[in-house]
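A look at the structure
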Amino acid sequence: MGVVENVEQNRFELTLDGGTAIVAYRRDGERLVLVHTEVPSQFAGQGIGSKLAKGVFELLRASGRKAVVRCEFLKGWVAKHPEYDDVVDG
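The following refers to the structure shown. From a predicted model like this one, the values you see are computed outputs, not experimental measurements. (Residues numbered from 1 in each chain as written. Predicted model: local features only at pLDDT ≥ 70, side-chain atom pairs only at ≥ 80, totals over all residues. Heavy atoms only, no water.)

A look at the side chain of Asn 6
The criterion, for reference: A run of DSSP states H or I qualifies as a helix once it reaches four residues; a run of E qualifies as a strand once it reaches two. Both are numbered from the N-terminal end. Nitrogen and oxygen atoms within 3.5 Å of one another constitute a polar contact, given that in protein one can donate a hydrogen and the other can accept it, and given that sequence-neighbouring residues count only through two side-chain atoms. We call two residues contacting when some pair of their heavy atoms lies within 4.5 Å.
Assignment of secondary structure puts Asn 6 in strand β1 (residues 4-6). There is a polar contact of 3.1 Å between the side chain of Asn 6 and the backbone nitrogen of Gln 9. In this view, Asn 6 contacts Arg 11, Glu 13 and Tyr 25; residues no more than four positions away in its chain are not counted.

A few points about the packing of aromatic side chains
Put simply, the rule is: Between the rings of Phe, Tyr and Trp (Trp by its six-membered ring), a pair exists once the centres lie within 6.5 Å; its type follows the angle of the planes, with under 30 degrees stacked, over 60 edge-to-face, and the other angles tilted. A simple rule labels every residue: compare its accessible area, found with a 1.4 Å probe on the protein chains alone, to the largest value its type can have, and call it buried under 20%, exposed over 50%, or partly exposed in between.
A full pass over the atoms with the stated rule returns four aromatic pairs. Ring centres of Phe 12 and Tyr 25 lie 5.3 Å apart, and the angle between their planes is 50°; this geometry places the pair in the tilted category. Of this pair, Phe 12 sits in strand β2 (residues 11-16) while Tyr 25 sits in strand β3 (residues 19-28), and the two are 13 residues apart along the sequence. There is no split in this pair, since Phe 12 and Tyr 25 are both buried. Between Phe 57 and Trp 77 the ring centres are 5.6 Å apart and the planes differ by 15°, which places this aromatic pair in the stacked class. Of this pair, Phe 57 sits in helix α1 (residues 48-63) while Trp 77 sits in helix α2 (residues 72-80), and the two are 20 residues apart along the sequence. Across the pair, exposure class does not vary: Phe 57 and Trp 77 are buried alike. Among the aromatic residues, those joined into a ring-pair cluster are Phe 57, Trp 77 and Tyr 84.

A closer look at α1
Every α-helix carries 3.6 residues per turn, so stepping three or four residues along brings you back to the same face. Which entries qualify depends on this criterion: Expected span of a helix: the number of residues minus one, times 1.5 Å.
Along its 16 residues, α1 runs 23 Å from first to last C-alpha, staying within 8% of the 22 Å computed at 1.5 Å per residue. Of all the residues in α1, the buried ones are Ile 48, Gly 49, Leu 52, Ala 53, Gly 55, Val 56, Phe 57 and Leu 60. Just beyond α1, the residue with positive phi is Gly 64, at close to 75°.

Some points on the sheet that holds strand β4 (residues 31-38)
Defined as follows: Strands were regarded as paired on the criterion that DSSP finds at least two bridges between them. Every axis corresponds to a line fitted to the C-alpha atoms, with the helix fit spanning only the stretch in contact, and the corresponding angles, defined between N-to-C directions, vary from 0 to 180 degrees.
Pairing in this open sheet of five strands is mixed, and the strands run β1-β2-β3-β4-β5 from one edge to the other. The two strands at the open ends of the sheet, each matched to only one other strand, are β1 and β5 (67-69). Neighbour to neighbour, the strand axes of the sheet diverge by 35° on average, direction disregarded. Note: β1 against β2, three bridges, orientation antiparallel. Residue Glu 5 lies in a different strand from β2, and its bridge partner there is Phe 12. Across the face of the sheet, α1 comes into contact with β1, β2, β3, β4 and β5 while running at roughly 135° to β2.

Quick look at the structure:
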């Protein structure tokens, strides 16, 4: 299963066998402020955070929305993936 947006809980989710990885956000007009990434501890070091990040930015791009990145993990990920600069707005 891929990354999906849970609008009711203001987050993106990646369902795993035994947990859910999330990117929480808040709305700022048409932009989403990405504030926190969380991966269940049993999945640490397995690339789940990167898979989640890529899915989030792909969904944002497909919907024409922009992201303001405040989460430290996502800031580092975006710095290594300039192909998503068009999605980042601040």
